[in-house]
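Residue-level structural notes
Okay, here's what each chain looks like letter by letter:
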Amino acid sequence: KTHHPSLSLSLCQIYTYEMSLIKVVDGDAGGYRCEVTSKDKCDICTFEVTVSLLISLNSSGDAGEDAGDLDFSALLKKREKKQKVVEEVDVDVWNILKDAKPCDYEKIAFEYGITDLRGLLTRLKKMKKVEPKKSDAFLKKLEAAYSVEKGKKIHLMVELADLNAPIKWLKNGQEIKPSAKYVFESVGNKRTLTINKCNLSDDAAYECVVGEEKCFTEVFVKEPPITITKLLDDVHTVVGEKVEFEVEVSEEGANVKWMKDGVELNRETAGSKYRFKKDGKRHILIINEATKEDIGMYHALTNGGESKAELEIEDKELEVLQSIADLTVKAAEQAMFKCEVSDEKVTGKWFKDGVEVQPSDRIKITHIGRTHKLMIDEVKPSDAGDYTFVPDGYALSLSAKLNFLDPPKIHLDTSGTGSKNTITVVAGNKLRLDVEITGEPAPTVCWMKGDEAEGRVRVESTKTLSTFVIEGAEKGDEGPYSITVTNPAGEDKVELMIKIVDVPNPPENVECTSVGEDFGTITWDPPAFDGGVPIKGYLMERKKVGSSRWTKLNFDVYESTTYEAKRMIEGVLYEMRVFAVNGIGISQPSANSKPFMPIAPTGEPTRLTVDDVTDTTCALKWRPPEKIGAGGIDGYIIEYCIEGSDQWVQANEEPVGKNQYRVKGLPMGEKMLFRVVAVNIAGRSPPVTLSQAVTIREIVENPKIRVPRNLRTKLIRLVGEKVNLVIPFQGKPHPVVTWSKDGVLLEDKTVGIRTSHVDTIFFIRSAERTHSGKYTLSVQIENVSDSADVHIQVIEKPGPPVAVHVAEVWGFNAALEWKPPKDDGNCEIIGYTIQKADMKTKDWFTVFEHNRRPSCTVPDLVMGNEYFFRVFSENICGLSVEAGISENTAIVGKTGSAPPPMEVNCSPKFTAPLVDRSVIAGYAAAISCAVRGYPKPKIIWMKNNMIIGEDPRFMIRNNQGVLTLNIRKPSMFDGGKYSCRAINDLGQDEVECRLEVRVISQF
């Protein structure tokens, strides 16, 4: 291998390797090496080349002998010698060559049309032989050749006869300048050129020039072999598709040679047909649009390996014999699109404006032989649009337009504006009225105010919309307007009235007429101008005098002109203001009322009760007064007297700050009356008195357990959670408390019990399933007792279902069955989640969630794939950790891969029934079941035993026997009993379910 401009290497792929040297110079002399590498093996041979320059020129020389002295036959395979003759030229070029430099021989030969340069050199050699001169400038010249590995450095050294002689270093005839790459050294008479970090660009011829003398050498940079780490893959595609061949090599920046059927592909010869892309170690050959001519074997070659791949291309063409044509029809007429293709087996789909057309009673789709038809009966305006037929499996589409011829029509909805065709506009606002218009062809629109066009009105019109705009409505814009639309099919006209309204003026004469304990009565007069719209009511605000913060008193409009403002603070000055409200908005606030101050006395305490009675004491409790004066409450005074007497005795010397007090030193057995008064800076409040006298005697109270409401039903906890129950009880004297579980005295050390005089605490730090059961609390005083039961259930996630297997496969469906899990997690199984995966990708996809039955029918399986399934069981804790994997798989056979099975006549039978459902109103719902039968049964859906017809709220689907009824935004009226009936000549079958529609309350 060499990069010298005058040196080339030709390699035969089998046995013979030949190297030719053209335009030989002194620097070509030296040692050469031939390396042969194949995968991980390598072989090397070396040889020497001596160059002698002949400068004797003779125009009559003979070129009949073997050309030149460069005969390597001793090292290479023997072959017959070829006689080459130098072409005779009219001009005697030998005198020119005589005075020329050897490096100019090739240029002179090209100028005079001499193509046999080797024969030319042989002839010059015979004309004159000159003995090599002994160098006067060099004591030691450069070696004939040097070899270095890529990335390392090399030293080129000569010894000069003259220490002071200047020298030059040349690379391929160009002078080298000192740099970090090239370092010059001079030590005594030695001159050294050091080349650092050698790369392929350093593989060249070098010269050292001293005066008129030169010495030559050749540097060979050895490059490690580039191996292929990722091989090519075969490609199978169709005509017109993009093809990419990708190979990955061991090093970045490596050269990769691409070949097709033994012919090299490169940027010069490939043209725009092929593109070559490099991305790091990845090399990609791209064929933009594959044709039949691109079929063949493709090779990627490096100096250390090769990879090949085959490209196969198939035709994919479909001939259109008759395309569909545009149609123009009127209302109630029939429209028919028809097309014909070359292959009668080709199926296809019809689309309208990009949405697939589904057949119905009015729309029919037929395919007879090579002809495809789409027929639309009783055409409606909504049928107009772009229709497209797309053959299945081909990148082809046929399109046409359906034009609907319709008289002009104005669709103006003013139902929300009050009077018919009356539009109310707030003064100063912008009025923009979008009026939808229809008609084919597009009608002409004309707006008028009265009998003439109004200059302040701006009209913007499109094919289906006309916009009426008034910028900044004024009172003068009020009046009658009309819109007229016309086209060749007719005319339509609508008249409307524009009314300009505004917000009302503020109310007048706001004042406070009376005050109370925490309220004030406010009155006012209605506004002088209501804005052209009746007054709906008023909004009130108040604030403290000196404050800037207003507080709203009502959010719904108040219709009267008298209002009682409550919940004010006694002794504080307030101001009020009022807003008027009409259908347009809220007025400016009224002028503030004169300041006023609410004043009220303190009310009596409330809810006086006896808390406890002994032989000499009585404990009382009460609540603060509902109305407290501006002075607040300093405390309470408790008084008592004997029943029948009016001599009240004060029990406490100082007011009590708390809302409870125990009166002591009472006579045992007497009936006593008690009363409490609140006191503050203003004095005593009215008293609150017990309604009945209290007998001063110890009370014996039977035991009673007060079970909290949340414990009256079963208490459910997860495994590991805490259980902490507080159950109050009563009884005097203090009762004895015991706990038992399932009728046995509780002695479980993992359960903690703490009991006080008024309650008992039951706690478990970490619940286990063994803690589930019925716990009984018993309180007893002597021979009287009371008991209460607490049911605790500790649950966890269930185990996986068992015996999951594919029971049956038909069409694109598979029937799946399983048995409930052995471990239900200590609670009811509420459903199952079913997932599927094909054997190719093994990616799992959820098919059903919350499936209640231990079986299901999986639809929409892909033809030719093999599926396996897994099922998760579910309880209120969630899905099981592990899933039950199907014991067998479902294989959906390819069409034509096996003879079709014989259909067996059978009456309809539902393989999956309808299931009762509860749905939320306003959200789409669906119920489904599965049926089998042959001949194909007729399906009838019923609601409350009434057949569901063409109601647009219901959509019925039948996919390979899987029947689905979709209900769009169900309401309360959609609840009831739904049934599905399947009928054929051999019999019928029916399933039913109940659908509950729940309404979620909005707060």
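Residues numbered from 1 in each chain as written. Predicted model: local features only at pLDDT ≥ 70, side-chain atom pairs only at ≥ 80, totals over all residues. Heavy atoms only, no water.

Under an unreviewed UniProt entry, the chain has the name Myosin binding protein Ca and belongs to Cyclopterus lumpus. We quote the UniProt Sequence similarities (unreviewed entry) comment for the chain here in full: "Belongs to the immunoglobulin superfamily. MyBP family." (UniProt positions renumbered as here; feature names shortened; annotations may be inferred.)

Looking at the overall build of the chain
A count of helical and extended segments in the chain gives 4 helices and 80 strands. By residue count, 38% of the 1003 residues in the chain fall in the buried class. By sequence separation, contacts in the chain at least 24 residues apart represent 62% of the contacts at least 6 residues apart. (Helix = DSSP H or I, 4+ residues; strand = E, 2+ residues; numbered from the N terminus. Buried < 20%, exposed > 50% of the residue type's maximum accessible area, 1.4 Å probe, protein only. Contact = heavy atoms within 4.5 Å.)

Things to note about unusual backbone geometry
Following Y934, the chain continues to P935 via a peptide bond in cis, the omega torsion being 0 degrees. Note that P935 resides in the loop between β74 (925-934) and β75 (938-943). Here R567, not a glycine, exhibits a phi torsion of approximately 55 degrees, which is positive. Looking at where R567 falls in the secondary structure, it is placed in the loop between β43 (562-565) and β44 (574-582). By relative accessible area, which is 73% here, R567 ends up exposed. At D742, a residue that is not glycine, the phi angle is positive and equals roughly 50 degrees. Residue position: D742 is located in the loop between β57 (736-741) and β58 (744-745). The exposure class of D742 is partly exposed, given its relative accessible area of 48%.

A word on a negative patch on the surface
A contiguous patch of negative charge, built from D233, D234, E310, E312 and E314, is present on the exposed surface. Looking at the element boundaries, D234 is found in the loop between β14 (228-230) and β15 (235-238). (Patch = residues over 30% accessible without salt bridge, like charges linked within 9 Å, V, L, I, M, F, W, Y side chains within 5 Å. Areas by Shrake-Rupley, 256 points an atom, 1.4 Å probe, with all protein chains shown as cover. Salt bridge = Lys/Arg side-chain N within 4 Å of Asp/Glu carboxyl O. Lys, Arg positive; Asp, Glu negative; His and termini not counted. Charge placed at Lys NZ, Arg CZ, Asp CG, Glu CD.)

Concerning the pattern of salt bridges
By the definition in use, this model includes 38 salt bridges. In this structure, R432 and D434 form a salt bridge, with 3.6 Å as the shortest nitrogen-oxygen distance. Using a relative accessible area of 44% as the deciding quantity, one classes R432 as partly exposed. The residue E992 makes a salt bridge to K977 at a minimum N-O spacing of 3.8 Å. With E992 in strand β80 (residues 987-998) and K977 in strand β79 (residues 976-984), the pair connects residues that are 15 residues apart, well separated along the chain. Judged by relative accessible area, E992 falls into the partly exposed class, the value being 45%.

Some points on the confidence of the model for the chain
Chain-level statistics for the chain give a pLDDT mean of 82 and a share of 86% at 70 or above. Below pLDDT 50 for its whole length, residues 55-90 participates in 64 contacts with residues either more than four positions away or in separate chains. With pLDDT under 50 throughout, residues 896-902 is counted as low confidence; its partners more than four residues away or in other chains account for 0 contacts. (pLDDT = per-residue confidence, 0-100.)

A word on a nonpolar patch on the surface
There is a patch of nonpolar side chains on the surface, built from V545, L573 and M597 and spanning about 220 Å² of accessible area. Here L573 shows up in the loop between β43 and β44.

Examining the sheet that holds strand β67 (residues 855-858)
On the basis of which strands lie adjacent, the open sheet formed by 3 strands has the order β63-β64-β67 and antiparallel pairing. Lying at the two open borders of the sheet, with one neighbouring strand each, are β63 (802-810) and β67. The average undirected angle you get between the axes of adjacent strands in this sheet is 20 degrees. The pairing of β63 with strand β64 (residues 813-819) spans 6 bridges and is antiparallel. Each bridged residue has a counterpart across the sheet, and for H805 the counterpart in β64 is E817. (Pairing = 2+ DSSP bridges. Axes fitted to C-alpha atoms, helices over the stretch in contact; angles between N-to-C directions.)

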